[in-house]
Amino acid sequence: MPKIGTGDLLEIRNLRIEATAYPPGEKPRHLMLVDDVSVTLAKGRVLGLIGESGAGKSTIGLAAMAYGRGGVRLTGGQVLLNGRDIRTAGTKGLQALRGREVTYVAQSAAAAFNPAKRLMEQVIETTLLHKVLSRFEAEARAVDLFRKLGLPNPESFGRRYPHQVSGGQLQRAMTAMALCPMPDLVIFDEPTTALDVTTQIDVLAAIKEAIHDTGVAAIYITHDLAVVAQVADDIMVLRHGKTVEYGSADQIINTPAEAYTQALVSVRSIDHTEKSSAAPVLRAEGITARYRGTDFDVLKNVTVDVAAGQTLAIVGESGSGKSTLARVITGLLPAGAGTITFAGRVLSPDLASRTKDDLREVQMVYQMADTAMNPRQTVGTIIGRPLEFYFGLKGEAKRARVQALLDEIEMGAGFENRYPAELSGGQKQRVCIARALAAKPKLIICDEVTSALDPLVADGILKLLLDLQAKEGVAYLFITHDLATVKAIADKIAVMYRGEVVRYGQKSDVLAPPFDDYTDLLLSSVPEMKLGWLEGVLKSRKMASAGN
Amino acid sequence: MRIPVSALLGMSITTIFVLIAIFAPWIAPYPIESAVGKVWENPSTTYWLGTDTIGRDILSRLLYGAQVTIFVALVSSLLAFSMGAFFGFLAATRGGWIDMVLSRAVDLMMAVPSLIVALVVLSVLPLNLTVLILVMGILDSTRVFRLSRAVAVDIAVMDYVEAARLRGEKQGWIIFREILPNALSPLVAEFGLRFIFAVLFISTLSFLGLGIQPPLSDWGGMVRENKDGLVYGKAAALMPALAIAVLAISVNLVADWVLQRTSSLKGGRGA
């Protein structure tokens, strides 16, 4: 464990951060966000902060700039930057150091940039504000950073507007913005979380190289241990605002001491052997679809089968058309061409002309459980409605069935009178699954059901889905961008790219070489839980391209 | 559950107003239409609030006026809300040509000042309470339509509404069970406001002579009758004005509290 010494760039001593929550119609609640956390960071080092949502990692990151988001108070401890306590620096002192000594890279670059200004203006803004460099020098430095970060046409890149570049490029532009005023410390707050895996690896490599070249110190905040293992020297694992474990990256990844850290390292340990091919319950054949008012096919001649009682995983990055395929199958977006055969009958392409049984047998579970449940209905109503609607269950019979379903999702008694706001993220997703199950479907479409959840919770959901499949014999069409999830749950896999299925077959075939180029790129981009993985991948890619 | 003091105050005053309206014939000390005293007498033990422009007891007229004013305002606001909210939700959930037709019809109605429309319509149709309520309700429903459509458009794109559609739910369930409970907060707040606007609207119409017709009286009409007294320092016109103000404030105190309760996502249990 690193010693708390003096002369380090950043020292956080016994930091305590509190807030008061004001839920509407309730008494204010006192929250302890960060409790007694101490951190040191030397020049040129990278500290990874890791934990699930609500662990206080972003709050600590922002505290290094003496900033608390609305209503958050720093109530104890010291934050020493270059030997000064910035908690007592005052507004003037903070203004002088924010954007000069400490800079910040936010998760959503698209939301952080002003869409009405050119990138260059924004990248050099703080540099000019703090009079670090003249405009001419600052622009030269920005172009230099653009080049280091691997952005296309670095000389003219700054003349573009934020909407004219991709998400990954925007994230790199924000990194350039943070590095431009030559700060001592950069805080990266989940910089790659919103990106596709294939983009994430490039941004990650760019950030790592930029940190190395400029010799800046960094705090890297993420919920993905595999990502932080690639960039951090030290890692701190946080949970409920407290330090769980703090040590070198090597120690945390290879010899974690605490049970919670071990669980994080070994996450996605589900063992699922694929079932052999069976008769399809759903067959989508030659599906072509486009959204109204566009002249672009989002799906091009897509053909997939889902075997009864098995799982077909659809993998692809954002914009590959995987969610659109779900909309076509459910009838929300009628296909332009192609047929959907379900349980031996041809489904009408349009939702309105499907029979009640057609609707009952295909159910859907959404990515955001928050918006998938009516916040004004109790859990009992949410799960009970399909029972009432499809089977005419009422009163005691309905109540008993709701309870049976709650037992099936491992939630037990006492939940049926709760409102969604009174459930945790994982429980919400379980209720959504119970609602789908209530209809006794043959197929459940799961659209990124685990991507909004913390890894351990997501694991529980996947296990539940597998158990339910074994018990109920329901088939899943599992849409995801996360290959680890796919490995855990799929029997068959379809890899989609730009509206087409580029690779399709049993899991063991799809995940075995020889790969096509896209699948290879996709598979090799998934961060692995080991040090030096990033360098290894980049090196082998460079060799491959040199060989061609 | 604790009711805040402000809501308690609002509720008691509103209740008093409603009771007064119901029991006016029994508690009013004098008949509504007879001149019992001299013109514009000051408040005294005989005439608690004084007398009006032709010597009628103001307190009695206020009590009877409450009956008419509150009844007309309440019924027309309820009409405005049922119509406006239903068509607003329908437009938002169905979209397409239904939305287009309804929205443009409402635009058309809102393009003409409602007072002018009311004046024209009321001068053609027979003047009675039913016509008055219908005209006010329909004119006010355009405002409610706009609000409910705007609120429902945001709700209609939520996944839970899509889930209901995928389940095969009918329009009625989607409007009344999925959208309405989530749109209630802004609608309740609006109701408090609209009710008071309705009070002011009939008062305005009565002031212009096209609202409540004698022998019935309402607060707006009373202000008109007694406005000349203000010149001579007689407070007769201020009494009904004060009644309107107190009713407005107390109704909105209650609306604020209901708003706070309905915006809680835990069924209002935590309060």
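Residues numbered from 1 in each chain as written. Chains lettered and ligands numbered in written order. Predicted model: local features only at pLDDT ≥ 70, side-chain atom pairs only at ≥ 80, totals over all residues.

S.K.: What am I meant to see in the overall build of chain B here?
M.R.: Helix and strand content of chain B: 9 helices and 0 strands. In chain B, the succession of helices and strands from N to C terminus is α-α-α-α-α-α-α-α-α. Once the C-alpha set of chain B is aligned to its principal axes, its extents read approximately 75 × 50 × 30 Å. Counting the 271 residues in chain B, one finds 42% classified as buried. Across chain B, contacts joining residues at least 24 apart in sequence account for 67% of those joining residues at least 6 apart. (Helix = DSSP H or I, 4+ residues; strand = E, 2+ residues; numbered from the N terminus. Buried ≥ 20, exposed ≤ 12 C-beta atoms within 10 Å, placed from the backbone. Contact = placed C-beta atoms within 7 Å.)

S.K.: Help me out: how do you make sense of the overall build of chain A in this one?
M.R.: What chain A contains, in helices and strands, is 23 helices and 20 strands. Its C-alpha atoms give chain A a radius of gyration of 25 Å, within 12% of the compact-globule value 24 Å for 548 residues. With respect to the three principal axes, the spread of C-alpha positions in chain A is 70 × 60 × 45 Å. By the burial criterion, 45% of the 548 residues in chain A qualify as buried. Long-range pairs, those at least 24 residues apart, make up 69% of the contacts in chain A between residues at least 6 apart in sequence. (Rg over C-alpha atoms; globule rule 2.2 N^0.38 Å.)

S.K.: What exactly am I supposed to notice about the confidence of the model for chain B here?
M.R.: Predicted coordinates in regions of low pLDDT should not be interpreted in detail. Residue and element names in this part refer to chain B. Chain-level pLDDT for chain B is 84 on average; 96% of the residues reach the 70-or-more range. Looking over chain B, one finds the lowest element-wise mean pLDDT in helix 8 (residues 219-226), namely 81, and the highest in helix 3 (residues 96-111), namely 92. Here the predicted complex carries an ipTM of 0.77, next to a pTM of 0.80. (pLDDT = per-residue confidence, 0-100.)

S.K.: What is the right way to look at the sheet that holds strand 14 (residues 337-342) of chain A in this model?
M.R.: Across a sheet, paired strands are connected by hydrogen bonds in the backbone, their directions being either parallel or antiparallel. All names here are of chain A. Sheet architecture is open: 4 strands sit in the order 12-11-14-15, paired in antiparallel fashion. Bordering the open sheet on either side are strand 12 (299-307) and strand 15 (345-347), each of which pairs with just one other strand. Each strand of the sheet is rotated relative to its neighbour by a mean of 20 degrees, with strand direction disregarded. For strand 11 (residues 280-289) and strand 12, the ladder comprises 6 bridges, and the chain directions are antiparallel. Looking across to strand 12, one finds that Ala 289 is bridged to Leu 299. Contacting strand 11, strand 12 and strand 14, helix 13 (residues 322-330) runs over the sheet at an angle of about 110 degrees to strand 11. (Pairing = 2+ DSSP bridges. Axes fitted to C-alpha atoms, helices over the stretch in contact; angles between N-to-C directions.)

S.K.: Where do I start with the nonpolar core in this structure?
M.R.: The nonpolar side chains of soluble globular proteins are, as a tendency, buried together. Grouped together as the largest cluster of nonpolar side chains are 150 residues, with contacts concentrated most on Ile 314, Leu 443, Leu 477 and Phe 478 of chain A. Residue contributions to this core peak at 17 residues, all from helix 2 (residues 58-94) of chain B. In terms of nonpolar packing, the next biggest core, distinct from the first, is built from 86 residues, Val 34, Met 177, Leu 179 and Ala 217 of chain A among them. (Core = buried A, V, L, I, M, F, W, Y, C linked by C-beta atoms within 7 Å.)

S.K.: Sorry, what's going on with helix 6 (residues 135-148) of chain A here?
M.R.: Each turn of an α-helix holds 3.6 residues, which means side chains three or four residues apart point in the same direction. Residues and elements named next belong to chain A. With 14 residues, helix 6 extends 20 Å between its outermost C-alpha atoms, agreeing within 8% with the 20 Å of an ideal straight helix rising 1.5 Å per residue. Along helix 6, the positions that sit buried rather than exposed are Ala 138, Arg 141, Ala 142, Val 143, Leu 145 and Phe 146. Residues of helix 6 that are buried sit in contact with helix 4 (119-123), helix 5 (125-129), helix 7 (154-157) and helix 8 (167-179). Downstream of helix 6 by a residue or two, Gly 150 has a phi angle that is positive, lying close to 75 degrees. (Expected span 1.5 Å × (residues − 1).)

S.K.: Sorry, what's going on with the environment of Gly 215 of chain A here?
M.R.: Here Gly 215 of chain A is to be found in the loop between helix 9 (197-214) and strand 8 (217-222). Along the sequence, Gly 215 of chain A and Met 182 of chain A sit 33 residues apart, while their C-alpha atoms lie 9.6 Å from each other.

S.K.: Please explain the packing of helix 7 (residues 171-207) of chain B against helix 8 of chain B as it appears in this structure.
M.R.: Two measures define how a pair of helices packs: the angle their axes make with one another and the distance between the axes. Residue and element names in this part refer to chain B. It is at 7 Å that the axes of helix 7 and helix 8 come closest, and there the two elements cross at 40 degrees. Relative to helix 8, helix 7 is oriented oblique. Crossing geometry of helix 7 relative to helix 8 is assigned as right-handed. Only Trp 219, Gly 220, Gly 221, Val 223 and Arg 224 of helix 8 make contact with helix 7, whose side of the interface consists of Ile 202, Ser 203, Thr 204, Ser 206 and Phe 207. In terms of residue class, the contact of helix 7 with helix 8 is built from 4 nonpolar, 5 polar and 1 charged. (Parallel < 35°, antiparallel > 145°, perpendicular 65-115°, else oblique. Left-handed = near helix turned anticlockwise from the far one by under 90°. Nonpolar A, V, L, I, M, F, W, Y, C, P; charged D, E, K, R; others polar.)

S.K.: How should helix 13 of chain A be read in this particular structure?
M.R.: In terms of burial, helix 13 of chain A is largely enclosed, as 8 of its 9 residues are buried. A positive backbone phi angle near 95 degrees is found at Gly 331 of chain A, which sits one or two residues after helix 13 of chain A.

S.K.: Just checking my understanding: could you explain the environment of Lys 428 of chain A for this structure?
M.R.: Within the element layout of this structure, Lys 428 of chain A appears in helix 18 (residues 425-438). Along the chain, Lys 428 of chain A and Ala 249 of chain A lie 179 residues apart, while their C-alpha atoms are 34 Å from each other.

S.K.: Sorry if this is basic, but what is going on with the sheet that holds strand 20 (residues 500-506) of chain A here?
M.R.: Residue and element names in this part refer to chain A. Ordered in space as 16-17-18-13-19-20, the 6 strands form an open sheet in which the pairing is mixed. Either end of the sheet is taken by a strand with one partner, and the two such strands are strand 16 (362-365) and strand 20. Put simply, the sheet's adjacent strands are angled 15 degrees from each other on average, direction ignored. Of the strands in this sheet, strand 13 (311-315), strand 16, strand 17 (443-447), strand 18 (475-480) and strand 19 (492-497) touch helix 13, which is tilted by about 150 degrees from strand 17. Strands strand 16 and strand 17 of the sheet are contacted by helix 18, whose axis makes an angle of about 175 degrees with strand 16.

S.K.: Is there a simple way to think about the confidence of the model for chain A in this case?
M.R.: With 96% of its residues at a pLDDT of 70 or more, chain A shows a mean pLDDT of 86. The model gives residues 1-5 of chain A a pLDDT under 50, and that stretch makes 9 contacts with residues more than four places away or in other chains.

S.K.: Help me understand unusual backbone geometry, please; the structure alone is not making it clear to me.
M.R.: Residues and elements named next belong to chain A. Along the chain, Pro 513 connects to Pro 514 via a cis peptide bond; the corresponding omega equals 0 degrees. Its identity is not glycine, yet Glu 190 carries a phi of approximately 50 degrees, on the positive side. Within the secondary structure layout, Glu 190 lies in the loop between strand 7 (185-189) and helix 9. When the 19 C-beta atoms within 10 Å are taken as the criterion, Glu 190 is described as partly exposed. Unusually for a residue other than glycine, Lys 440 sits at a positive phi of about 50 degrees. By secondary structure assignment, the location of Lys 440 is in the loop between helix 18 and strand 17.

S.K.: Any chance you could explain the environment of Arg 172 of chain A here in plain terms?
M.R.: Residues and elements named next belong to chain A. Within the secondary structure layout, Arg 172 lies in helix 8. For the pair formed by Arg 172 and Ile 479, sequence separation is 307 residues and the distance between their alpha carbons is 28 Å. Setting aside its immediate chain neighbours within four residues, Arg 172 contacts Leu 149, Leu 151, Val 203 and Ala 206.

S.K.: When you look at the pairing of strand 14 of chain A in this model, what are you seeing that I'm missing?
M.R.: Looking along a regular strand, one sees the side chains alternate between the two faces of the sheet. All names here are of chain A. Relative to strand 14, strand 11 runs antiparallel, the two being bridged by 5 bridges. Residue Leu 282 lies in a different strand from strand 14, and its bridge partner there is Phe 342. Examined bridge by bridge, strand 14 and strand 15 share 3 bridges and lie antiparallel to one another. Directly across from Thr 341, in strand 15, lies its bridge partner Val 346.

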